[in-house]
Amino acid sequence: MTQEPSEQAAVDQAISHEPIRVLEAMLFASSAPLTLNTMRERLPENADVGGMLMELQQTYAKRGVTLADLDGSWAFRTATDLGDALQISRDVKRKMSRAAMETL
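Here we summarise the structure given alongside this text. What you see is a predicted model, and the numbers here were worked out from it, not measured in a lab. (Residues numbered from 1 in each chain as written. Predicted model: local features only at pLDDT ≥ 70, side-chain atom pairs only at ≥ 80, totals over all residues. Heavy atoms only, no water.)

A word on the overall build of the protein chain
In plain terms, the rule: The helix and strand labels rest on DSSP assignments: H or I over at least four residues marks a helix, E over at least two residues marks a strand, and numbering proceeds from the N terminus. Only protein chains enter the accessibility calculation, which uses a 1.4 Å probe. A residue is then buried if its area is under 20% of the maximum for its type, exposed if over 50%, and partly exposed in between. Contact between two residues is taken to exist if any of their heavy atoms lie within 4.5 Å; hydrogens are not considered. Note that accessible areas follow from Shrake-Rupley with a 1.4 Å probe, and for residues the cover is restricted to the protein chains shown.
Of the regular secondary structure elements, the protein chain holds 6 helices and 3 strands. Start at the N end of the protein chain and walk to the C end: the helices and strands fall as α-α-β-α-α-β-β-α-α. Residues classed as buried in the protein chain amount to 20% of the 104 residues present. The contacts of the protein chain with a sequence gap of at least 6 include a subset with a gap of at least 24, amounting to 44%. When the accessible surface of the protein chain is totalled, it reaches about 8,500 Å², and 50% of it is carbon and sulfur.

Here is the structure:
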(Lines give C-alpha, C1' and ligand atoms only; values in the text may rest on other atoms or scores of the structure.)
Protein backbone atom coordinates (compact mmCIF):
# COMPACT_ATOMS: atom_id res chain seq x y z
CA MET A 1 0.00 0.00 0.00
CA THR A 2 1.42 3.36 -1.02
CA GLN A 3 0.54 6.73 0.40
CA GLU A 4 -1.08 9.53 -1.58
CA PRO A 5 1.40 12.28 -2.55
CA SER A 6 -0.19 14.74 -0.12
CA GLU A 7 -0.02 12.20 2.72
CA GLN A 8 3.62 11.46 1.95
CA ALA A 9 4.42 15.19 1.88
CA ALA A 10 2.81 15.61 5.31
CA VAL A 11 4.84 12.70 6.68
CA ASP A 12 8.05 14.07 5.15
CA GLN A 13 7.36 17.51 6.62
CA ALA A 14 6.68 16.10 10.11
CA ILE A 15 9.86 14.04 10.00
CA SER A 16 12.04 16.91 8.81
CA HIS A 17 10.69 19.39 11.38
CA GLU A 18 10.47 17.34 14.55
CA PRO A 19 12.59 14.17 14.42
CA ILE A 20 12.61 13.77 18.23
CA ARG A 21 8.80 13.52 18.24
CA VAL A 22 8.95 10.93 15.46
CA LEU A 23 11.57 8.98 17.41
CA GLU A 24 9.47 9.13 20.57
CA ALA A 25 6.39 7.90 18.68
CA MET A 26 8.36 5.07 17.07
CA LEU A 27 9.58 3.89 20.48
CA PHE A 28 6.08 4.03 21.98
CA ALA A 29 4.43 2.29 19.04
CA SER A 30 6.97 -0.49 18.63
CA SER A 31 6.11 -3.89 20.07
CA ALA A 32 9.81 -4.73 20.38
CA PRO A 33 12.93 -2.73 21.30
CA LEU A 34 14.38 -0.76 18.37
CA THR A 35 17.98 -0.89 17.25
CA LEU A 36 19.89 2.26 16.33
CA ASN A 37 19.94 1.17 12.68
CA THR A 38 16.14 0.79 12.62
CA MET A 39 15.71 4.25 14.10
CA ARG A 40 18.23 5.81 11.71
CA GLU A 41 16.45 4.29 8.69
CA ARG A 42 13.25 6.17 9.56
CA LEU A 43 14.76 9.55 10.49
CA PRO A 44 16.48 12.22 8.39
CA GLU A 45 20.14 11.51 7.60
CA ASN A 46 21.40 14.40 9.70
CA ALA A 47 19.37 13.41 12.80
CA ASP A 48 21.46 12.93 15.94
CA VAL A 49 19.77 9.71 17.08
CA GLY A 50 22.13 9.22 20.02
CA GLY A 51 21.59 12.76 21.26
CA MET A 52 17.83 12.47 20.89
CA LEU A 53 17.83 9.18 22.81
CA MET A 54 19.78 10.81 25.65
CA GLU A 55 17.34 13.74 25.67
CA LEU A 56 14.33 11.41 25.81
CA GLN A 57 16.02 9.33 28.52
CA GLN A 58 16.47 12.44 30.66
CA THR A 59 12.92 13.63 29.95
CA TYR A 60 11.42 10.34 31.11
CA ALA A 61 13.87 9.65 33.96
CA LYS A 62 11.43 10.58 36.74
CA ARG A 63 8.20 9.49 35.08
CA GLY A 64 6.17 6.28 35.18
CA VAL A 65 8.01 4.96 32.14
CA THR A 66 11.70 5.27 31.38
CA LEU A 67 13.69 4.88 28.18
CA ALA A 68 15.96 1.87 28.57
CA ASP A 69 19.00 0.72 26.60
CA LEU A 70 18.60 -3.05 26.29
CA ASP A 71 21.94 -4.26 24.89
CA GLY A 72 21.94 -1.76 22.04
CA SER A 73 18.19 -1.72 21.45
CA TRP A 74 15.92 0.89 22.99
CA ALA A 75 12.43 0.69 24.47
CA PHE A 76 10.19 2.35 27.00
CA ARG A 77 9.79 0.32 30.18
CA THR A 78 7.87 0.77 33.41
CA ALA A 79 9.93 2.61 36.03
CA THR A 80 11.56 0.04 38.31
CA ASP A 81 10.43 1.74 41.51
CA LEU A 82 6.76 1.25 40.53
CA GLY A 83 6.86 -2.54 40.43
CA ASP A 84 5.13 -2.99 43.79
CA ALA A 85 2.36 -0.54 42.91
CA LEU A 86 1.61 -2.34 39.65
CA GLN A 87 1.78 -5.89 40.95
CA ILE A 88 -1.54 -7.71 40.78
CA SER A 89 -2.12 -10.62 43.11
CA ARG A 90 -5.02 -12.98 42.65
CA ASP A 91 -6.23 -15.84 44.76
CA VAL A 92 -6.48 -18.97 42.70
CA LYS A 93 -8.87 -21.62 43.89
CA ARG A 94 -7.93 -25.10 42.88
CA LYS A 95 -9.85 -28.27 43.39
CA MET A 96 -8.07 -30.92 45.34
CA SER A 97 -6.89 -33.91 43.43
CA ARG A 98 -8.62 -37.25 43.84
CA ALA A 99 -5.64 -38.59 45.77
CA ALA A 100 -5.73 -35.61 48.15
CA MET A 101 -9.47 -36.09 48.71
CA GLU A 102 -8.95 -39.79 49.45
CA THR A 103 -6.23 -38.93 51.96
CA LEU A 104 -8.60 -36.61 53.81
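Let's pick the thread back up.
Topic: the pairing of strand β2 (residues 65-70)
Every regular strand shows the same layout, with side chains that alternate between the two sheet faces. Here is the rule we go by: Pairing between strands is defined by DSSP: at least two bridges between the two strands are required.
Judged from the 6 bridges that link them, β2 and strand β3 (residues 73-78) form a sheet pairing that is antiparallel. Note that in β3 the partner of Val65 across the bridge is Thr78. With antiparallel pairing between neighbouring strands as the criterion, β2 and β3 make up a hairpin whose turn holds 2 residues, including Asp71 at a positive phi of roughly 55°.

Some thoughts on the environment of Pro44
Relative to the helices and strands, Pro44 is located in the loop between α3 (36-42) and α4 (49-59). The exposure class assigned to Pro44 is partly exposed, which follows from its relative accessible area of 22%.

Quick notes on unusual backbone geometry
The phi dihedral of Asp71 falls on the positive side, at around 55°, and the residue is not glycine. Structurally, Asp71 can be placed in the loop between β2 and β3.

Overview of the nonpolar core
Stated precisely, the cut-off is as follows: In this description, a nonpolar core means a group of buried Ala, Val, Leu, Ile, Met, Phe, Trp, Tyr and Cys residues linked to one another through side-chain atoms lying within 4.5 Å.
Within the largest apolar cluster, 16 residues are counted, with the highest numbers of intra-cluster contacts made by Leu23, Leu27, Met39, Leu43, Leu53 and Leu67. Elements with a contribution of two residues or more to this core: α2 (19-29), α4 and β3. Beyond its immediate chain neighbours, meaning those up to four positions away, Leu67 contacts Leu27, Leu53, Leu56, Gln57, Tyr60, Trp74, Ala75 and Phe76.

Focus: the packing of aromatic side chains
Working definition: an aromatic ring pair is given by the centre-to-centre distance plus the angle between the planes. Definition in use: Within 6.5 Å between ring centres, the rings of Phe, Tyr and Trp (the latter by its six-membered ring) count as paired, and their orientation is classed by plane angle as stacked under 30 degrees, edge-to-face over 60, tilted in between.
On inspection of all chains with the given rule, the structure shows 3 aromatic pairs. A centroid spacing of 6.0 Å and a plane angle of 65° characterise the contact between Phe28 and Tyr60, whose relative ring orientation is edge-to-face. Linking Phe28 in helix α2 with Tyr60 in the loop between α4 and β2, this pair joins segments that are 32 residues apart in sequence. Residue Phe28 is classed as partly exposed on the basis of its relative accessible area, which comes to 45%.

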